[in-house]
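The lines below spell out each chain.
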Amino acid sequence: NIIIPNYQAVSDRAVEFSSAGGPLASYCEAIGNGGEAAARTAAEDAWRELSAAIQQSELHILGPVADNGEALRNRLNAFGAGELSSCGIDQSVVLASEDNTFSVASRTVNQRGIGAVEYLQFNPDLTHTCPSQIVETADWDTRPAEERQRLRCDYAVLIAEDIADAAAAILDAWSADGGDFRSAFINPASTSDSLEALSDALFYLDTDAKDRKLGIPTGINDACGTFACPDQVEAFYSETSLDNVRSNLEAFQTMLTGADGLGFDDIIEQAGVADLVDTFIANIANAIDTINASAASLRAQAELIDTADDETTCTNAFNNPDTLGEFPACNAYGHLKRITDDLKVGFVAAVDVDLPDRVQADND
């Protein structure tokens, strides 16, 4: 009901987005003519749809997508694998334009995925980000703006095709006429391991959505050593970071409730703590409402947190998330913390599973 349909949605959107007649390629062709603005808007909207589908799939990182160091997952979204290599992408734009045998597969994970496409598609600054000694980009800034824009767009199509290939591979790995991981996953002999994998996957909301996506940019998480770290937002150029967190929350609720089938909520109710499910649903709704009420993007809010007073305001907001303040992203962090606190204690006890190793090392 959830996992395979999610990957089907990612695959469908990726194929549409990356196809020869799709919105991204159409925008590339329109650069420099009268239809450019409309084509750009269509391509950006299609990117947002693909990004939202990928964010939905982030709440079930298990099985084929988690194998080999999450290699397939990183081809969809490499945000969790480290900082985007904008210089590496800039180099690749030039290399791909000069060598028709160039392969995106030759590039590291921090130069691939939806974030790399975002950099190429949404970044209005056409200046390269490489040091002067990098040969490939030596003459880049002297080229006509239209040429640079078109080459970046053409390379974005190549990365989008790689995303589509990865999504197809994941879907095939789960499908009965492919790798049929589904059969192994639902095999009664695998019940314990599969349940543990599913429950572990939910903690993405804690480690990634809460801490990496909200906590670091707002400066709440100690991994940010200044008042705030706006350069660490997930979607810096499109400024859709809060949309991503909302998609994660929606996916978390779907995974919790099992969509139209049995879910963790049924296990929790059988454990005699049905009110825990109600608390989860209420806190998820509060977090989403806070995100929806945010007029400014996460990047814009983080850029405003630049004094000790701002830091205190943010701290007060996440400690008292029900009182919407100047920085709604900090309120949203507080709401997510309520959810993940219940996940670490009440959920783990009711479902009778262990905390994932990555969460056991977390001290918040």
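This one's a predicted model, so the numbers in the text were calculated from it and none came from an experiment.

Reading the values: the criteria
Residues numbered from 1 in each chain as written. Predicted model: local features only at pLDDT ≥ 70, side-chain atom pairs only at ≥ 80, totals over all residues. Heavy atoms only, no water. Helix = DSSP H or I, 4+ residues; strand = E, 2+ residues; numbered from the N terminus. Rg over C-alpha atoms; globule rule 2.2 N^0.38 Å. Buried < 20%, exposed > 50% of the residue type's maximum accessible area, 1.4 Å probe, protein only. Contact = heavy atoms within 4.5 Å. Lys, Arg positive; Asp, Glu negative; His and termini not counted. Charge placed at Lys NZ, Arg CZ, Asp CG, Glu CD. Core = buried A, V, L, I, M, F, W, Y, C linked by side-chain atoms within 4.5 Å. Axes fitted to C-alpha atoms, helices over the stretch in contact; angles between N-to-C directions. Parallel < 35°, antiparallel > 145°, perpendicular 65-115°, else oblique. Left-handed = near helix turned anticlockwise from the far one by under 90°. Nonpolar A, V, L, I, M, F, W, Y, C, P; charged D, E, K, R; others polar. Expected span 1.5 Å × (residues − 1). Salt bridge = Lys/Arg side-chain N within 4 Å of Asp/Glu carboxyl O. Polar contact = N/O pair within 3.5 Å; in protein donor to acceptor, adjacent residues only side chain to side chain.

Section: the overall build of the protein
- Regarding its fold elements, the protein presents 17 helices and 0 strands.
- The C-alpha atoms of the protein give a radius of gyration of 21 Å, which matches the 21 Å a tight globule of 364 residues would have.
- By its C-alpha atoms, the protein is 65 × 60 × 35 Å across when sized along the principal axes.
- Scored against the burial criterion, the 364 residues of the protein give a buried share of 52%.
- Taking contacts inside the protein between residues at least 6 apart in sequence as the whole, the part at least 24 apart equals 74%.
- Charge centroids of the protein, computed over 21 positive and 61 negative side chains, lie 4 Å from each other.

A word on the nonpolar core
- Core analysis: the largest hydrophobic core is formed by 99 residues, its most contacted members being Y155, I163, L214, L249, F252 and F347.
- Broken down by element, the residue count for this core peaks at 14 residues, all from helix α7 (residues 145-174).
- Those residues in contact with L249 that sit more than four places away from it in its chain are L205, I284, A287, I288, I291, L336 and I339.

Structural notes on the packing of helix α1 (residues 3-18) against α7
- Between α1 and α7, the shortest axis-to-axis distance is 8 Å and the interhelical angle comes to 155°. The angle between the axes of α1 and α7 places the two elements in the roughly antiparallel class. As α1 runs across α7, the sense of the crossing is left-handed. Residues I3, I4, Y7, Q8, V10, S11, A14, V15, F17 and S18 of α1 lie in contact with α7, whose contacting residues are V157, A160, E161, I163, A164, A167, A168, I170, L171 and W174.
- For the contact of α1 with α7, the residue count by class is 16 nonpolar, 3 polar and 1 charged.

Description of helix α11 (residues 241-257)
- Taking 1.5 Å per residue as the helical rise, α11 with its 17 residues ought to reach 24 Å, and the 25 Å between its terminal C-alpha atoms agrees with that figure.
- Counting buried positions along α11 gives 12 out of 17 residues, so the element sits mostly inside the fold.
- At the exit of α11 stands G258, carrying a positive phi of roughly 75°.

Quick look at unusual backbone geometry
- Backbone geometry at E70 places phi at a positive 60°, although glycine is not the residue there.
- Within the secondary structure, E70 is located in helix α4 (residues 67-76).
- With a phi close to 55°, D180 is a non-glycine residue in the positive phi region.
- Looking at the element boundaries, D180 is found in the loop between α7 and α8 (181-186).
- Look at D180 and you get partly exposed, because its relative accessible area is 24%.

Describing the side chain of R107
- As for its placement among the helices and strands, R107 is situated in the loop between α5 (86-98) and α6 (114-122).
- It is E136 that comes nearest to the buried, bridge-free R107 among opposite-charge side chains, at 7.1 Å.
- At 3.0 Å, the side chain of R107 and the side chain of Q111 are in polar contact.
- Not counting chain neighbours up to four residues away, the residues in contact with R107 comprise G88, Q91, S92, L95, F102, R112 and Y155.

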